[in-house]
Amino acid sequence: MMFDVSENRSGLPHKPGVGYKPQHFSDILENPGSVGWLEIHAENYMGMGGRPLAQLRHLAERFPISVHGVGLSIGGEGPLDPEHLARLKNLVSWLKPTVFSEHLAWSTHDGSYFNDLLPLPYTNDTITRVADHIDQLQEVIGRQMMLENPSSYLSFDESTWSETDFLCEVAKRTGCGLLLDVNNVFVSATNLGYDPRDYIADYPLDKVGEIHLGGHDEDEDDHGKPLLIDSHGAEIVDPVWALLDHTLSLSGSRPLLIEWDNDVPDWPILSAEADRGADALHKVLS
Amino acid sequence: MSVDQTLFRQALLDAAAPVPTGLSDGDGNPAGARFSVYRNNVAVSLTEALETGFPVIAKLLGEQNFKAIAGLFLRQSPPDVPVMMFYGAKFPDFLSEFEPIKHIGYLGDVAEIELALRRSYHAEDAAPVAADALGQIAPEHLPNVVMKLAPSVEVIPSPWPIYDIWAFNTIEGHPKPQAQAQDVIVVRAEFDPEPHPLPPGGATFTTAIAKGATLGDAAERATETAEDFDLGAALGLLLSHGALTSITLEDTA
């Protein structure tokens, strides 16, 4: 099955969304501010019942929901886990989210799951494998997915494709959409020593159905060079906001997600980040 | 050279292993400490998941010991499913069998409470019967009643005072545990599971009910294990916490 990338791409409102955290449940309902949609991690809603599912059902009546998978291991060398595919299918079937997305990464090998997004070499073999897995997922859940670019801390000597060409080729073969994480671009560009604007220039922006923004930590490598860590545990830094402005000036407005997964702040702080995202979107709408 | 995922995984879980060659920074230098980002992400995130899932164990062992033990456990038993709410099912057994802490006999059973609380939190919803539902049944029929437990109910038998150990480390002002055996039931009235100590025979009774025994049979088995088994108290505990989802009369024909 081939999935069309339609003109309006994702169907999410071109407004800021936030990664949903249970501690913000009441705040979001009472005082959503500029937040127009919510994103959840698929794997947090794979229980049989209880509060998580009750809250999600409640939120889904009020907000468009994006389901973001973190555990499928699309880049894994082994086959996709059929039980996990079934869990995803079940979630997507009852929740009917507006969009579904996953990562260009692997996280499971030989039956063990490492709870991290691990890197891939960009080779012909990897393209074939990733495309096959995306075909399979889209078939199982019966809809298009979006694939997110990773944060890189190192590169594989064996890579023969640039990341942007790789993503473009995968999208072409599978009909999947792309999720552009601007913070990941900034992190990877800093870590691997290239200009993030060159990456954006090469990126197939017409396939982007959603943009992610988040905070990162700063460290150093063995040679004293900056090493940024994609932590989702802090405010978004100014250079990343600037890269967002640059990206939006080329792509036009897009659904924009603020991710804050660790050291989660009180709602007013996250809400203020969403307001800043709304301002960035206004600039390209006016 | 090609770095496959088997090679990557070995170096990921073994901090003493060399970083695979074929991984570089942007300038063509070997990746070196950059590989540690992945090592840290895995070890830290799994340790945090265990800390969140087993807060009383973390308190009992102290932060440093807990981190060291979690580090050993996560390398021996990384998650086998990419759903973190399920992670740590093998942790109680690990705590019971790990030589340096084996003498702290109650750790495994206390960990079972914490695991049961988490399973209960995510268990399927089920509407409970009314607290007076048994009152609708004629007394002579009571022994033939079959009851269904809510999916969120869990029973943890133990020769240790595990409820008091759990409560002493969780509830402000709870009295110090005294040496005694304590069986625990976890119930979830709406969304928040809570453990309760079971009276003598209560674990046998509840487990028999869970397996489909009639009220009469379950009470008989409970009395065999504990002479002073109090049926009224056991039923009261289940009914008042919404632990029963159906009460039916078994066909005695």
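Residues numbered from 1 in each chain as written. Chains lettered and ligands numbered in written order. Predicted model: local features only at pLDDT ≥ 70, side-chain atom pairs only at ≥ 80, totals over all residues.

Further remarks concern the overall build of chain A. Regarding its fold elements, chain A presents nine helices and 13 strands. Its C-alpha atoms give chain A a radius of gyration of 18 Å, near enough to 19 Å, the size a compact globule of 286 residues would have. With respect to the principal axes defined by its C-alpha atoms, chain A has extents near 50 × 40 × 40 Å. For chain A, the residues scored as buried account for 49% of the 286 residues in total. Intrachain contacts of chain A at a sequence separation of at least 6 include 77% that bridge at least 24 residues. (Helix = DSSP H or I, 4+ residues; strand = E, 2+ residues; numbered from the N terminus. Rg over C-alpha atoms; globule rule 2.2 N^0.38 Å. Buried ≥ 20, exposed ≤ 12 C-beta atoms within 10 Å, placed from the backbone. Contact = placed C-beta atoms within 7 Å.)

With that settled, the discussion passes to the interface of chain B and chain A. Contact with chain B, which involves 41 residues of that partner, is made by 39 residues of chain A. Sorting the residues of the side of chain B that touches chain A by element identifies α1 (5–13), β1 (23–24) and α2 (35–53) of chain B as the ones contributing at least two each. A total of seven residues in the side of chain B that touches chain A trace back to one element, the largest contributor, which is α2 of chain B. Looking at chain direction, strand β8 (residues 155–156) of chain A and β1 of chain B are connected through two bridges and run antiparallel. Looking at the pairing, S155 of chain A lines up with S24 of chain B of β1 of chain B. (Pairing = 2+ DSSP bridges.)

Residue and element names in this part refer to chain A. Across the interface, helix α3 (residues 82–95) lies against helix α4 (residues 124–141) with an axial gap of 9 Å and an inter-helix angle of 45 degrees. Classified by the angle between their axes, α3 and α4 sit oblique to one another. Relative to α4, the crossing made by α3 is right-handed. On α4, the residues that touch L85, L88, K89 and V92 of α3 are L137, V140 and I141. By residue class, the composition of the contact of α3 with α4 is six nonpolar, no polar and one charged. (Axes fitted to C-alpha atoms, helices over the stretch in contact; angles between N-to-C directions. Parallel < 35°, antiparallel > 145°, perpendicular 65-115°, else oblique. Left-handed = near helix turned anticlockwise from the far one by under 90°. Nonpolar A, V, L, I, M, F, W, Y, C, P; charged D, E, K, R; others polar.)

To continue, consider the sheet that holds strand β13 (residues 256–259) of chain A. Residues and elements named next belong to chain A. The strand order around the closed barrel formed by eight strands is β1-β2-β3-β4-β7-β9-β10-β13, and the pairing between neighbours is parallel. This sheet shows a mean twist of 25 degrees between the axes of neighbouring strands, independent of strand direction. As paired strands, strand β4 (residues 99–103) and strand β7 (residues 146–148) are joined by three bridges and run parallel to one another. Note on β7: the bridge partner recorded for E102 is L147. In this fold helix α6 (residues 182–192) packs onto β9 (177–181) and β10 (208–214), with an angle of close to 65 degrees to the strand it touches most, β10.

Residues and elements named next belong to chain B. For strand β4 (residues 183–188), the tally of buried residues reaches six of six residues, placing the bulk of the element in the interior. In β4, alternate side chains face the same way, and those of D183, I185 and V187 on one face and V184, V186 and R188 on the other are all buried. Where strand β3 (residues 154–156) and β4 come together, three bridges link them in antiparallel fashion. Each residue of the ladder has a partner; that of E154, found in β4, is V186. Connecting β4 to the next strand, strand β5 (residues 193–198), in antiparallel fashion are four residues.

Looking at the assigned domains, one finds that chain B contains domain 1 (1–104) and domain 2 (124–253). Just the C-alpha atoms count here: the centres of domain 1 of chain B and domain 2 of chain B sit 38 Å apart. (Domains from an automatic or database assignment.)

With that settled, the discussion passes to the environment of L243 of chain A. Take L243 of chain A: it is sitting in helix α8 (residues 238–251). In sequence terms L243 of chain A and S107 of chain A are 136 residues apart; their C-alpha atoms lie 28 Å from each other.

Here we take up the sheet that holds β4 of chain B. All names here are of chain B. Spatially, three strands are ordered β3-β4-β5 in an open sheet, and the strand pairing comes out antiparallel. Here the strands that pair on one side only, and so sit at the sheet edges, are β3 and β5. The average undirected angle you get between the axes of adjacent strands in this sheet is 25 degrees. Across six bridges, the pairing between β4 and β5 is antiparallel. By the bridge assignment, V184 is partnered in β5 with P197. Lying over the sheet, helix α6 (residues 107–121) contacts β3, β4 and β5, oriented at roughly 180 degrees with respect to β3.

Of note, V67 of chain A is situated in strand β3 (residues 65–68). In sequence terms V67 of chain A and N183 of chain A are 116 residues apart; their C-alpha atoms lie 19 Å from each other.

Turning to the confidence of the model for chain A, a few remarks are in order. Summing up the model confidence of chain A, the mean pLDDT is 95 and the portion of residues at 70 or higher is 97%. Within the model, the stretch residues 1–8 of chain A combines pLDDT values under 50 with eleven contacts to residues more than four positions away or in other chains. (pLDDT = per-residue confidence, 0-100.)

Further remarks concern the pairing of β10 of chain A. All names here are of chain A. In terms of burial, β10 is largely enclosed, as seven of its seven residues are buried. Bridge analysis of β9 against β10 gives four bridges, and the strand direction is parallel. Of the residues in β10, the one forming a bridge with L180 is I211. Note that β10 and β13 share four bridges and pair parallel. By the bridge assignment, I211 is partnered in β13 with L256.

Next up on the list: the environment of E190 of chain B. Topologically, E190 of chain B is positioned in the loop between β4 and β5. Residue classification places E190 of chain B among the exposed positions, given that 12 C-beta atoms sit within 10 Å.

All names here are of chain A. The backbone of K96 sits at a positive phi, close to 45 degrees, despite the residue not being glycine. Of note, K96 is situated in the loop between α3 and β4. For K96, a count of 11 C-beta atoms within 10 Å puts it in the exposed group. Not every positive phi belongs to a glycine, and D263 is a case in point at roughly 45 degrees. Here D263 is to be found in the loop between β13 and α9 (267–285). D263 sits in the exposed class, given 10 other C-beta atoms within 10 Å.

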